[in-house]
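What follows is the residue order along each chain.
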Amino acid sequence: MKGMLKVIAVFGLLLSELTPAMEGQTAADTAGIRTTALDYIDGWYSNNPARMERALHPHLAKRLVWADSTGRSHLVDMSALELIQGTKAHPPTPASERRDDVTILSSFGNVAMVRIEASDWVDFLQEVKWNGSWKIINVVWENRPERMAAKR
């Protein structure tokens, strides 16, 4: 019986190491992190700049690294204001083409890492708790391969 308890304890320890850290995260934090991510992606899809702005920290940096035909890397860099203006300017995404799968990868205290599976790309968000609300401070994204091929 003692051997079985050791196996269970070791398995539990290993499982805890593989599970994303959610230390100090309350149910309200989980809901706030998720709501912020959805305000961001659904705000984009629906051309709702107010919803987008609500999700973003004013000092947001959103970045994409892409390689040209020679393999040289380039950086696309957007600010919060550019993203809010872009939200207003692009055509709305039809509901049938929207994808907004949100996964909280990890959180600790007042920071969280979130992954969004969007229609044409994947976003990795860094959120911070700012004056009591969750805000996106950094985003790195990657276009899906079929999206990248269509742009060339």
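What counts, and where the lines are drawn
Residues numbered from 1 in each chain as written. Predicted model: local features only at pLDDT ≥ 70, side-chain atom pairs only at ≥ 80, totals over all residues. Heavy atoms only, no water. Helix = DSSP H or I, 4+ residues; strand = E, 2+ residues; numbered from the N terminus. Buried < 20%, exposed > 50% of the residue type's maximum accessible area, 1.4 Å probe, protein only. Contact = heavy atoms within 4.5 Å. Areas by Shrake-Rupley, 256 points an atom, 1.4 Å probe, with all protein chains shown as cover. Core = buried A, V, L, I, M, F, W, Y, C linked by side-chain atoms within 4.5 Å. Patch = residues over 30% accessible without salt bridge, like charges linked within 9 Å, V, L, I, M, F, W, Y side chains within 5 Å. Salt bridge = Lys/Arg side-chain N within 4 Å of Asp/Glu carboxyl O. Polar contact = N/O pair within 3.5 Å; in protein donor to acceptor, adjacent residues only side chain to side chain.

A. Structural context of the overall build of the protein. Looking only at helices and strands, the protein features 5 helices and 7 strands. Counted from the first residue to the last, the protein has its helices and strands arranged as α-β-α-α-β-β-α-β-β-β-β-α. Per-residue burial for the protein yields a buried fraction of 33% across its 152 residues. A sequence separation of at least 24 residues applies to 51% of the contacts in the protein between residues at least 6 apart. Accessible surface computed for the protein: about 9,600 Å², of which carbon and sulfur atoms make up 61%.

B. Representation of the nonpolar core within the structure. By size, the foremost hydrophobic cluster in this structure holds 26 residues, and its most contacted members are Tyr40, Ile41, Leu56, Ile116, Leu125 and Ile136. Sorting the residues of this core by element identifies α2 (27–45), α3 (49–55), β2 (56–67), α4 (80–89), β4 (101–108), β5 (111–117), β6 (121–130) and β7 (133–143) as the ones contributing at least two each. Of all the elements, α2 adds the most residues to this core, at 6 residues. Apart from residues no more than four positions distant in its own chain, isoleucine 136 is found in contact with Thr36, Tyr40, Ala55, Leu56, His57, Leu60, Leu125, Gln126 and Glu127.

C. Layout of a nonpolar patch on the surface. Residues Leu105, Phe124 and Val140 make up a contiguous nonpolar surface patch of roughly 220 Å² in combined accessible area. Relative to the helices and strands, leucine 105 is located in strand β4.

D. Spatial organisation of the side chain of glutamate 117. Here glutamate 117 shows up in strand β5. Glutamate 117 gets classed as buried once you look at its relative accessible area, which sits at 14%. A distance of 2.6 Å separates a polar atom in the side chain of glutamate 117 from a polar atom in the side chain of arginine 144. Once you skip the residues sitting within four places of it in the chain, glutamate 117 turns out to touch Arg99, Asp100, Asp101, Val122 and Arg144.

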